[in-house]
Amino acid sequence: MSISSSGNANLTGEDQSKGGGIATTQNQSLSVGYNAAPQSVGIMNSFLGYQVALYSRTGSYNVVVGGESALRLASSYNCVIGYSSATSLVGGGATTVVGALAGATIVSGRANTLVGCAADVGAGNVEDAVAIGSASSVGAKGGVAIGAGATAGGALSLAIGAGAQTASEGEINVMNRVCGYRAAQSNKYTLELNADLTRLGGALSFPGPSSWAVFGDVASKDLVFLSEDGVSTRLTGSFRPGVLNFTGQHRCRVAEGEDLLALRPGAVVVATGAYCDLDGCEDLLDVDEALPVVTLCRRARDPRVFGVGVHCCEDHVRLFIR
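Okay, so let's go over this structure. (Residues numbered from 1 in each chain as written. Predicted model: local features only at pLDDT ≥ 70, side-chain atom pairs only at ≥ 80, totals over all residues. Heavy atoms only, no water.)

**Let's talk about the environment of Val97**
- Summarising the element assignment, Val97 is placed in strand β8 (residues 96-98).
- As a C-alpha pair, Val97 and Cys117 span 20 residues in sequence and 9.8 Å in three-dimensional space.
- Excluding residues within four positions of it along the chain, Val97 makes contact with Cys79, Val80, Ile81, Ser85, Ala86, Ala102, Gly103 and Leu114. (Helix = DSSP H or I, 4+ residues; strand = E, 2+ residues; numbered from the N terminus. Contact = heavy atoms within 4.5 Å.)

In structure tokens, the structure reads:
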């Protein structure tokens, strides 16, 4: 059936002119508007608007609404809404474009979602992109840009907030407050938080060979460091880094040249009379950072005996003694 612009109905089948009015075709498609999809032979399409899908021939199961939108559409399962939107979209498919002038660049990319006036992709073949917001843009596969003018330039990157930008793969930018990126040399991922005050509702976890969780104890108001083995260390509200409780143990540094293999737990050590800090520096020491330098006791009844070693650190330069 067709209804021309003059209002005359034609019930004889497929509309041949499609010059204006409403046209339904034998392939179960609907065209509404002057010169709407005049060449389309796809099935189950719905076209509404002035010269919508003007040059489209193939493509099925599409919904296109808006004057001069999806002019060259040739793929399927697309939803295009807005004046002059997705004007270059040809291939791909499964793309949603909503907003005037949105999706102007996209040509063959598939599974994209673009919402907002002039929301777009940075290249015609970008896939799996999400751009929400006026003039937002995604330049690589899997990128997400949310906010007016937000730009996700790297693959699988995330930009949230007006004007937020990302450039590298996997990069995160949330309103220029939370930023994450992968270092080019070490390939390690860094997350930066730019805030005056940060509140976490639960534990902060550090997974790895030896996992740790950090959280605030609501009852005691202590800051707790908890290992995967259940060992915990607490910092209280009155904690002073330079003042630690003495419980019979003391950190020491092993003298240079000492036989490290001999310094097993239970070994008796003697003080050499020298002091240094944790880094081995012997100059300009503060009182609360001075560590005795010790060596293995090799003489009976040596009056310099300092204690018994109970633990040697991985760097083999410090001991706890009793």
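**Re the pattern of salt bridges**
- For the structure on display, the rule yields 5 salt bridges.
- Note that Arg234 and Asp222 form a salt bridge whose closest N and O atoms lie 3.5 Å from each other. Within this pair, whereas Arg234 is found in strand β23 (residues 232-235), its partner Asp222 is found in the loop between β21 (212-216) and β22 (223-227), the two being separated by 12 residues in sequence.
- The residue Arg299 makes a salt bridge to Asp302 at a minimum N-O spacing of 3.3 Å.
- Residue class for Arg299 comes out partly exposed when judged on its relative accessible area of 49%.
- The structure contains a network of salt bridges with shared partners spanning Asp217, Asp222 and Arg234. (Salt bridge = Lys/Arg side-chain N within 4 Å of Asp/Glu carboxyl O. Buried < 20%, exposed > 50% of the residue type's maximum accessible area, 1.4 Å probe, protein only.)

**Concerning the environment of Gly49**
- Structurally, Gly49 is set in the loop between β5 (46-48) and β6 (63-65).
- Along the chain, Gly49 and Val32 lie 17 residues apart, while their C-alpha atoms are 6.2 Å from each other.
- If near-sequence neighbours (up to four positions away) are discounted, Gly49 is found in contact with Val32, Gly33, Tyr34, Ala36, Gly66 and Gly67.

**Structural notes on the sheet that holds strand β10 (residues 120-121)**
- Strand order across the open sheet formed by 4 strands is β10-β12-β14-β16, with parallel pairing between neighbours. With partners counted over all chains shown, the strands left at the sheet margins are β10 and β16 (165-166), one partner each.
- Summarising the sheet, strand β14 (residues 151-152) and β16 pair through 2 bridges and their orientation is parallel. In the sheet register, Thr151 faces β16, and the bridge partner there is Gln165. (Pairing = 2+ DSSP bridges.)

By themselves, these figures tell us nothing about what the structure is for.
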